[in-house]
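The lines below spell out each chain.
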Amino acid sequence: MDFQTILILAQDAITNSAIYALLALALILVFGVTRVIFVAQGEFVSYGALTLASLQTGVMPGTVWLLLILAFIAACMETARLLVSGARHKLPGALATILAPPLAIAALVKICTPLHLHLGWQLILTMLIVIPLGPLIYRVAFRPLADATVLVLLIAAVAVHFVLVGLGLLFFGAEGVRTPPFSDAQFTFANLNVSGQSLCVYATTIVFVAIMAWFFNKTLYGKALRAVAFNRNGARLVGITPHLAGTFSFALASAIGCLSGLLIGPITTLYYDSGFLIGLKGFVGAIVGGMASYPIAAAGALMVGFSESFSSFWLSGYKDVVVFTMIIPVLLWRSLTTAHYEEEE
Amino acid sequence: MAERLLTVRELNVCYGKVEALYGASLTVDRGTIVSVIGPNGAGKSTLLNALMGVLPSRGSVEFCGNDMGNVSIESRVAQGLCLVPETRELFSQMSVEDNLELGAFTRYRRGDKGIRKSLDTVFTLFPRLEQRRSQFAGSLSGGERQMLALGRALMSQPTLLMLDEPSLGLAPLIVKEILHTISDLRSTGVSILLIEQNARAALQISDYGYVLENGEIALEGPSSELADNPRVIESYLGIGGGEEKG
Ligand SMILES: Nc1ncnc2c1ncn2[C@@H]1O[C@H](COP(=O)(O)OP(=O)(O)OP(=O)(O)O)[C@@H](O)[C@H]1O
Ligand SMILES: [Mg+2]
């Protein structure tokens, strides 16, 4: 293995790590705020890339239907909830906020799909379709279970994962896609070719992480989300609504997932079920961070990216085995070095 | 007569099958301090938690003329009800300043511009908090934590502040200081429902008092009368007792 190979593998590792780190961040946030171990997070990655691919070919993406169906179910649930609690007068407003955005987005997509817009517009359209799926899934699958145990929430998350993968196959078929890169540029640094797309991945990750750091540390809404993650009861006592925090964290999860899909779509071929494995690797990073620490999770994501990349060179068939086996010594080490707290329920 | 702020009628709370509070009725007028005293396990904390909506209850709770029946904790906060629970529920991994700012979360959502000013007011009230503003809440001493809990509650500018043993675990001198601060709050227009183990001090600063025993209100009356009641003197004030904690 020469130096050149090491550089190429390292570049590959860093690109993937950036994506895993973003996904780990979303997983930790969702878990902290809602206690949901959101294993279906990766589905947004494949949905993002596949939705863009559909738009590229001028076909209305199936995810639009999913958006409308979820909005409809959410609207029914909200109606039932308001009628039971006797707040009938709030019904029109509540239904409008749930149904209007998805309908508007669907109409927009319907108009724009045949126009073969510029890639930038298609990226925006993709995000408009995929991002609202997160909050809607939260509304339909997790908000009714808000007081359930972590295990029940995990089972619900697994169910959501299977439903989303199944629907992915239905909407997009078994064909893999490669979406167009954001930029065709190629740069050469010291004999190393770096694609414009890789640079896009780095830049987006850095910008995104910087925005998140600012949001969580400097704005009161960001602090409120952290407060919910730290102490749910305390947060309610200062007037932070847990389900709004949950809605926001799921929106961030779907946004990060979708963005990740759009970023790596041009680098790897994505299938309807590829998201799961990608999400799981982000999950490994999050676990290394104890589902709580963002910096350690980012380090964990780097570890996953590098071991994946280098094991693909030496033991290509076993690269996933290597990545997921690594979690055992890490967990062992963490369990020995970190103090244990009783889970507050 | 002063305006009724809180009217509680026949409040019942159970933990599973165990009934912890039955038929509790009480009122709080605007601009007054009302104290609830009683032995350990009488149901005092249960009462406050039920009033805040943290625990489900049967009976009627009316606050500022609105029925609180199906109202969530967050809406109660937005309507001016604020609880400092026995467990304090601070955000221990966040700074003192963040804790205080989050206390004003509902006001921030409403677009209130006076939050900075409230922060300064709280810092004037508790200068120790200002010195420790960037320290994690979890690293504060017990007494500082009580100050922070009270300060965070004040940041929401409550109409009715419910305090569950604000002097818990404090040195006698600081107990006096905290209770003094609380009685000063009345002049700023905050009404207070106070639970205290230190019955003597509680009756001294409050206008009206209730004695809660075994989940029922056993006695009530203006604080000065309660303080002279032989039964209260015997059970809660001690014979010629000093300021020691119960
Ligand atoms: N989560 C719970 N589950 C079951 N029983 C409870 C629970 N919390 C309190 N209780 C019971 O309810 C009764 C009243 O408790 P509460 O905490 O309200 O007492 P208190 O008057 O605040 O006492 P203290 O002065 O010790 O704080 C007690 O008998 C207690 O054992
Ligand atoms: Mg108590």
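The model shown is predicted, which means the values in this text are computed figures rather than measured ones.

A few words now on the coordination of the magnesium ion (ligand 2). Within the first shell, the magnesium ion (ligand 2) binds the protein through B:S45 (OG), B:E86 (OE) and B:E86 (OE), at distances of 1.9 to 2.7 Å. Residue B:S45 is found in helix α1 (residues 44–52), and its partner B:E86 is found in the loop between β6 (81–84) and α3 (96–103); the two are separated by 41 residues along the sequence.

Atomic detail in the predicted coordinates should be set aside for any region of low pLDDT. Across chain A, the average pLDDT comes to 89, with 97% of residues at or above 70. Segment residues 341–345 of chain A is flagged for pLDDT under 50; beyond a separation of four residues in sequence, or across chains, it makes three contacts in the model.

Below, the discussion takes up the interface of chain B and chain A. Much of the literature gives interface size as the accessible area that the parts lose upon coming together. Opposite the 23 residues of chain B that make contact, chain A presents 20 residues. Here chain B packs against chain A, burying approximately 2,100 Å² in sum over the two surfaces, 65% of which is carbon and sulfur. The interface formed by chain B and chain A holds three salt bridges in total. Between B:E74 and A:R236 there is a salt bridge, with the nearest N and O atoms lying 2.6 Å from each other.

Residue and element names in this part refer to chain B. The full set close to ligand 1 counts 13 residues, and K44, S45, T46, E86 and Q197 are the nearest of them. Take G43: an N or O atom from its main chain is 2.9 Å from an oxygen atom of ligand 1. Within the side chain of K44, an N or O atom sits 2.7 Å from an oxygen atom of ligand 1. Here ligand 1 has 630 Å² of accessible area as a free molecule, and 59% of this is covered by the chains. The greatest single-element share of the shell around ligand 1, amounting to three residues, is contributed by α1. Residue composition of the shell around ligand 1, grouped by class: four nonpolar, six polar and three charged.

Let's shift gears to the packing of helix α1 (residues 3–34) of chain A against helix α11 (residues 242–264) of chain A. All names here are of chain A. Relative orientation of the contacting elements α1 and α11 amounts to 165°, with a least axis distance of 9 Å. Put simply, α1 runs roughly antiparallel to α11. Viewed along their axes, α1 and α11 form a crossing whose handedness is left-handed. Counting all contacts with α1, which are made through I19, L22, L23, L25, A26, L29, V30, V33 and T34, the residues of α11 involved are A245, G246, S249, F250, L252, A253, I256, G257, S260, L263 and I264. Classifying every residue of the contact of α1 with α11 gives 15 nonpolar, five polar and no charged.

Residue and element names in this part refer to chain B. Pairing is mixed in the open sheet, where six strands are placed in the order β6-β7-β8-β3-β9-β10. Two strands bound the open sheet, and with one partner strand each, they are β6 and β10 (216–222). Each adjacent strand pair in this sheet contributes to an overall mean axis angle of 15°, direction not counted. Bridge count for strand β9 (residues 208–213) against β10 is six bridges, and the pairing is antiparallel. Within the sheet, the bridge partner assigned to E213 lies in β10 and is E216. The strands touched by helix α11 (residues 230–237) are β3 (33–37), β9 and β10; relative to β9, the strand with the most contacts, the crossing angle is about 65°.

As a further point, take the sheet that holds strand β2 (residues 18–29) of chain B. Strands pair in a sheet through their backbones, by hydrogen bonds, and they do so in one of two ways: parallel or antiparallel. Residue and element names in this part refer to chain B. Read across the sheet, four strands follow the order β2-β1-β4-β5 without closing on themselves; strand pairing throughout is antiparallel. Because the sheet does not close on itself, it has two edges, and the strands there are β2 and β5 (66–67). In terms of strand pairing, strand β1 (residues 4–15) meets β2 through eight bridges, oriented antiparallel. Residue pairing across strands places C14 opposite E19, the latter belonging to β2. Lying on the sheet, α1 is in contact with β1, β2 and β4 (58–63); it crosses β1 at an angle near 115°.

What follows deals with the domain arrangement of chain B. All names here are of chain B. Each assigned domain of chain B is listed here: domain 1 (1–80 + 159–246) and domain 2 (90–157). The straight-line distance from the C-alpha centre of domain 1 to that of domain 2 is 23 Å. Both sides together, the interface formed by domain 1 and domain 2 hides about 940 Å², and carbon and sulfur atoms give 76% of it. Counting across the interface, domain 1 meets domain 2 through zero salt bridges.

Residues and elements named next belong to chain A. Ranked by size, the top nonpolar core spans 99 residues in total, and within it F38, F142 and I240 carry the most contacts. Tallying contributions element by element places α1 first for this core, with 14 residues. Contact partners of F38, with chain neighbours within four places excluded, come to L27, V30, F44, F142, A157, V160 and F250.

Before going further, it helps to spend a moment on the environment of A:A203. Residues and elements named next belong to chain A. When you line up the elements, A203 lands in helix α8 (residues 196–218). A203 gets classed as partly exposed once you look at its relative accessible area, which sits at 40%. When the C-alpha atoms of A203 and Q186 are compared, they prove to be 15 Å apart, with 17 residues separating the residues in sequence.

Criteria and cut-off values
Residues numbered from 1 in each chain as written. Chains lettered and ligands numbered in written order. Predicted model: local features only at pLDDT ≥ 70, side-chain atom pairs only at ≥ 80, totals over all residues. Heavy atoms only, no water. Donors = N, O, S within 2.8 Å, 3.2 Å for Na, K, Ca; no water. Helix = DSSP H or I, 4+ residues; strand = E, 2+ residues; numbered from the N terminus. pLDDT = per-residue confidence, 0-100. Contact = heavy atoms within 4.5 Å. Buried area = accessible area lost by both parts, 1.4 Å probe. Salt bridge = Lys/Arg side-chain N within 4 Å of Asp/Glu carboxyl O. Near = heavy atom within 4 Å. Polar contact = N/O pair within 3.5 Å; in protein donor to acceptor, adjacent residues only side chain to side chain. Areas by Shrake-Rupley, 256 points an atom, 1.4 Å probe, with all protein chains shown as cover. Nonpolar A, V, L, I, M, F, W, Y, C, P; charged D, E, K, R; others polar. Axes fitted to C-alpha atoms, helices over the stretch in contact; angles between N-to-C directions. Parallel < 35°, antiparallel > 145°, perpendicular 65-115°, else oblique. Left-handed = near helix turned anticlockwise from the far one by under 90°. Pairing = 2+ DSSP bridges. Domains from an automatic or database assignment. Core = buried A, V, L, I, M, F, W, Y, C linked by side-chain atoms within 4.5 Å. Buried < 20%, exposed > 50% of the residue type's maximum accessible area, 1.4 Å probe, protein only.

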